[in-house]
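Results of the structural survey
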Amino acid sequence: EARYKETHVLKEALSSELSEIGLEVFPSAANFLLGKLPEGGKRAKDIVRMCVMKGVYLRNVSSMGTSIGAGYLRIAVKNKLDNERIVNTLKTAING
């Protein structure tokens, strides 16, 4: 139960930070978040590739169903330090 509560707190913080860098984040009961990249920006596959080069692994979910477009990512909730790294890497990939 303590781990569940910790993950919930980490997920809420990560969701907020991802929103601040321009992602639309969808609610989730799982230990990951679905984020939509800003319209007119880079595609998920390009963002994922850029993040992998920095050692951050995200999932491009654009091929998971007919209603998901090219701008969606699945982002796993990690510990606080890793979540900060994910956000910083994503911010650079989106804006760089």
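Note: the structure precedes this text.
Attention here is on the structure that accompanies the text. (Residues numbered from 1 in each chain as written. Predicted model: local features only at pLDDT ≥ 70, side-chain atom pairs only at ≥ 80, totals over all residues. Heavy atoms only, no water.)

**Quick word on the environment of Phe 26**
Rule in force here: Starting at the N terminus, helices and strands are each numbered in turn, a helix being any DSSP run of H or I of at least four residues and a strand any DSSP run of E of at least two. Exposed residues in this analysis have more than 50% of their type's maximum accessible area, buried residues have under 20%, and partly exposed residues fall in between, with area computed by a 1.4 Å probe over protein chains only.
Positionally, Phe 26 belongs in strand β1 (residues 24-26). Its relative accessible area of 28% is what places Phe 26 among the partly exposed residues. C-alpha of Phe 26 to C-alpha of Ser 15: the two residues are eleven residues apart in sequence and 8.5 Å apart in space.

**Structural notes on helix α2 (residues 44-52)**
For clarity, the cut-off: In what follows, residue pairs with any heavy atoms lying within 4.5 Å of each other are defined as contacts.
Considered for burial, the residues of α2 that qualify are Ala 44, Asp 46, Ile 47, Val 48 and Cys 51. Where α2 is buried, its residues meet β3 (59-60), β4 (72-76) and α3 (80-95).

**Concerning the packing of aromatic side chains**
In plain terms, the rule: For Phe, Tyr and Trp, rings pair up if their centres lie within 6.5 Å, where Trp contributes its six-membered ring, and each pair is then called stacked (planes under 30 degrees apart), edge-to-face (over 60) or tilted (otherwise). Geometrically, a charge over a ring is one whose NZ (Lys) or CZ (Arg) sits within 6 Å of the ring centre while staying within 35 degrees of the ring normal.
All told, the structure shown has one aromatic pair when counted by the stated rule. If you follow Arg 74 out to its NZ or CZ, it ends over the ring of Phe 32, 4.5 Å from the centre.

**Side note on the environment of Ala 76**
The topology assignment puts Ala 76 in strand β4. Residues Ala 76 and Ala 30, spaced 46 residues apart in sequence, show a C-alpha to C-alpha distance of 9.0 Å. Those residues in contact with Ala 76 that lie beyond four places of it in its chain are Leu 14, Asn 31, Phe 32, Asn 83 and Ile 86.

**Brief notes about the environment of Val 25**
Take Val 25: it is sitting in strand β1. What makes Val 25 buried here is its relative accessible area of 18%. Taking C-alpha positions, Val 25 is 14 Å from Asn 60, a pair spaced 35 residues apart along the chain. Those residues in contact with Val 25, other than ones at most four positions away along the chain, are Ser 15, Leu 18, Ser 19, Leu 33, Leu 34 and Gly 35.

**Describing the pattern of salt bridges**
Here is the rule: The term salt bridge refers to a side-chain nitrogen of Lys or Arg lying within 4 Å of a carboxyl oxygen of Asp or Glu.
Scanning the model with the defined rule gives five salt bridges in all. Linking Lys 5 and Glu 1 is a salt bridge whose minimum nitrogen-to-oxygen distance equals 3.7 Å. Both residues of the pair, Lys 5 and Glu 1, count as exposed. Arg 43 is the salt-bridge partner of Asp 46, the closest N and O atoms lying 3.5 Å from each other. You can call Asp 46 buried: its relative accessible area is 18%. Salt bridges linked by common partners bring Arg 43, Asp 46 and Arg 49 together as one network.

**What to know about the packing of α2 against α3**
Formally: To obtain an axis, a line is fitted to C-alpha atoms, over the contacting stretch when the element is a helix, and the angle between two such axes runs from 0 to 180 degrees between their N-to-C directions. Small angles under 35 degrees read as roughly parallel and large ones over 145 as roughly antiparallel, with 65 to 115 read as roughly perpendicular and the rest as oblique. Here is the rule for handedness: rotate from the far helix to the near one, and if that takes an anticlockwise turn smaller than a right angle the crossing is left-handed, while a clockwise turn gives right-handed. Gly is put with the polar residues, along with every residue not named as nonpolar or charged; the nonpolar set is Ala, Val, Leu, Ile, Met, Phe, Trp, Tyr, Cys and Pro, and the charged set is Asp, Glu, Lys and Arg.
Contact geometry of α2 with α3 gives a least axis separation of 9 Å together with a crossing angle of 125°. Judged on the interaxial angle alone, α3 and α2 are oblique. Both α2 and α3 take part in a crossing whose hand is right-handed. On the side of α2, the interface is formed by Ile 47, Met 50 and Cys 51, while α3 contributes Thr 89, Leu 90, Ala 93 and Ile 94. Residues belonging to the contact of α2 with α3 are distributed by class as follows: six nonpolar, one polar and no charged.

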